[in-house]
Amino acid sequence: MTQAVLGVMGGSGVYDLPGLEDVREEAVRSPWGEPSDALRIGRIGRTKVVFLARHGRGHRLSPTGINYRANIDAMKRAGVTDLVSLSACGSFRSELHPGLFVLVDQFVDRTHGRESSFFGNGCVAHVSLAHPIGPALQGRIADAAQAEEIAVHRGGTYVCMEGPQFSSYAESTTYKAQGYDVIGMTNMPEAKLAREAEITYATIAMVTDFDCWHPGHDAVDVAAVVAVARANADKAARLVARLARDFPEAREACPVGSDRALDGSIMTAPAQRDPALLTKLDAVAGRVLNG
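Residues numbered from 1 in each chain as written. Predicted model: local features only at pLDDT ≥ 70, side-chain atom pairs only at ≥ 80, totals over all residues. Heavy atoms only, no water.

(A) View of the side chain of N187. Positionally, N187 belongs in helix α4 (residues 187-196). Those residues in contact with N187 that lie beyond four places of it in its chain are R54, S85, S87, F107, Y158, C160, Y201 and T203. (Helix = DSSP H or I, 4+ residues; strand = E, 2+ residues; numbered from the N terminus. Contact = heavy atoms within 4.5 Å.)

(B) Here's a closer look at the packing of helix α1 (residues 68-77) against α4. Here α1 crosses α4 at 40°, and the two axes come no closer than 9 Å. The pairing of α1 with α4 is recorded here as oblique in orientation. Along this stretch, α1 crosses α4, giving a crossing that reads as right-handed. Here Y68, R69 and I72 of α1 come into contact with α4, specifically with M188, P189, E190, L193 and A194. (Axes fitted to C-alpha atoms, helices over the stretch in contact; angles between N-to-C directions. Parallel < 35°, antiparallel > 145°, perpendicular 65-115°, else oblique. Left-handed = near helix turned anticlockwise from the far one by under 90°.)

(C) Quick peek at the environment of A233. Summarising the element assignment, A233 is placed in helix α5 (residues 222-245). On the accessibility criterion, A233 (16% relative accessible area) is buried. Measuring from C-alpha to C-alpha, the distance between A233 and I183 comes to 18 Å, with 50 residues separating the pair along the chain. Beyond its immediate stretch of four places on either side in the chain, A233 contacts G13 and V14. (Buried < 20%, exposed > 50% of the residue type's maximum accessible area, 1.4 Å probe, protein only.)

(D) Spatial organisation of α4. Taken across its 10 residues, α4 has nine buried, putting it largely inside the fold. If you follow the buried residues of α4, they end up packed against β1 (5-10), α1, β5 (82-91), β7 (106-110), β9 (157-161) and β11 (200-209). Phi for E198, located one or two positions after α4, is positive at around 60°.

(E) Representation of the nonpolar core within the structure. Within the largest apolar cluster, 78 residues are counted, with the highest numbers of intra-cluster contacts made by I72, L86, F118, F119, I141 and I204. A per-element tally of this core places α5 first, with seven residues. Contact partners of L86, with chain neighbours within four places excluded, come to V8, M9, G10, G11, V14, R54, I204, M206, A236 and V240. Among the nonpolar cores identified, the runner-up in size contains nine residues, and F92, M161, Y175 and Y180 belong to it. (Core = buried A, V, L, I, M, F, W, Y, C linked by side-chain atoms within 4.5 Å.)

(F) Region of interest: the pattern of salt bridges. Going through the model one piece at a time under the given rule, you end up with 22 salt bridges. Its salt-bridge partner being D263, residue R260 comes within 3.2 Å of it at the nearest N-O pair. When its relative accessible area of 43% is taken as the criterion, R260 is described as partly exposed. A relative accessible area of 40% means that D263 is categorised as partly exposed. (Salt bridge = Lys/Arg side-chain N within 4 Å of Asp/Glu carboxyl O.)

(G) Structural context of the packing of aromatic side chains. The full count for this structure, using the stated rule, is six aromatic pairs. Here F107 and Y158 contribute two aromatic rings whose centre-to-centre distance is 5.5 Å and whose plane-to-plane angle is 70°, an arrangement assigned as edge-to-face. Highlighted residues: F107 in strand β7 and Y158 in strand β9, separated in sequence by 51 residues. Side by side, F107 and Y158 carry an identical accessibility label, which is buried. An angle of 80° between the planes, with centres 6.1 Å apart, marks the rings of F210 and W213 as edge-to-face. A residue is classified by how much of its surface remains accessible, and F210, at 11% relative accessible area, is buried. Overall, W213 belongs to the buried group, its relative accessible area being 10%. If you follow K176 out to its NZ or CZ, it ends over the ring of W213, 4.1 Å from the centre. If you follow K235 out to its NZ or CZ, it ends over the ring of F101, 4.7 Å from the centre. (Phe/Tyr/Trp six-rings, centres within 6.5 Å; stacked < 30°, edge-to-face > 60°. Lys NZ or Arg CZ within 6 Å of the ring centre and 35° of its normal.)

(H) Geometry of the environment of F92. In this fold, F92 is placed in the loop between β5 and β6 (101-103). Residue F92 is classed as buried on the basis of its relative accessible area of 0%. Between the C-alpha atom of F92 and that of R60, which follows or precedes it by 32 residues, the distance is 28 Å. In contact with F92, not counting residues within four places along its chain, are V159, S172, Y175, K176, Y180, D181, V182, I183, D211 and W213.

This is the structure we're talking about:
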């Protein structure tokens, strides 16, 4: 039996996790560099919970400046099996209004200049990202929201832009016309790396604004985003606390195979693998490399 460990990645406005008990901080050393902050490790009910502020406390890291590989590697080293991403986002649909939580199930990656894989020359691997969200984990989040009477919309596509600038009007109207639902700056390559690390991933996209397409909505600015993000933070803490209290003791098999994502994924022959890269992959891919 593998113990279920719930990871929480706190986005804009979420720099701590109220309700976490028996807390200790651990500065995890990662071969991929420095994580955004120390991990805060504790429990909610009987569930072990690991919290990481994605931007660092004080929001010192930009979306592009985040070391996503180090963050996911640190979560893996802490034993995280299921990772919930709390992420501020803009909306392309009138019914997805500020204050609403959207449980997205798809991503479009429009980022550039970010390291998006643990693998590469010397150890090539390809994992499936057809279904990037763990449906069972998402279902548990939806159940927790219902129990806490928190409004959520289940389903949708999150387009991840590079940032740090907000969208131009042309970009915003184009993404809306393409049928995307929300926009943010951080869930890619985070979701890709979580899948490579065999961590089941789900996003709670917390709507802060209508981006700039909406005729009755002013251009997005930080003050407006922060105000809604702070209001969302209390709801997010309640939602995560309920999720953790009802979480299973043992890790559940993922219906889309996120817990076994590396099975058959490594292309490089054992004799041709780079020893230095293999050393860095000890946590992320140790199950298959050492099996």
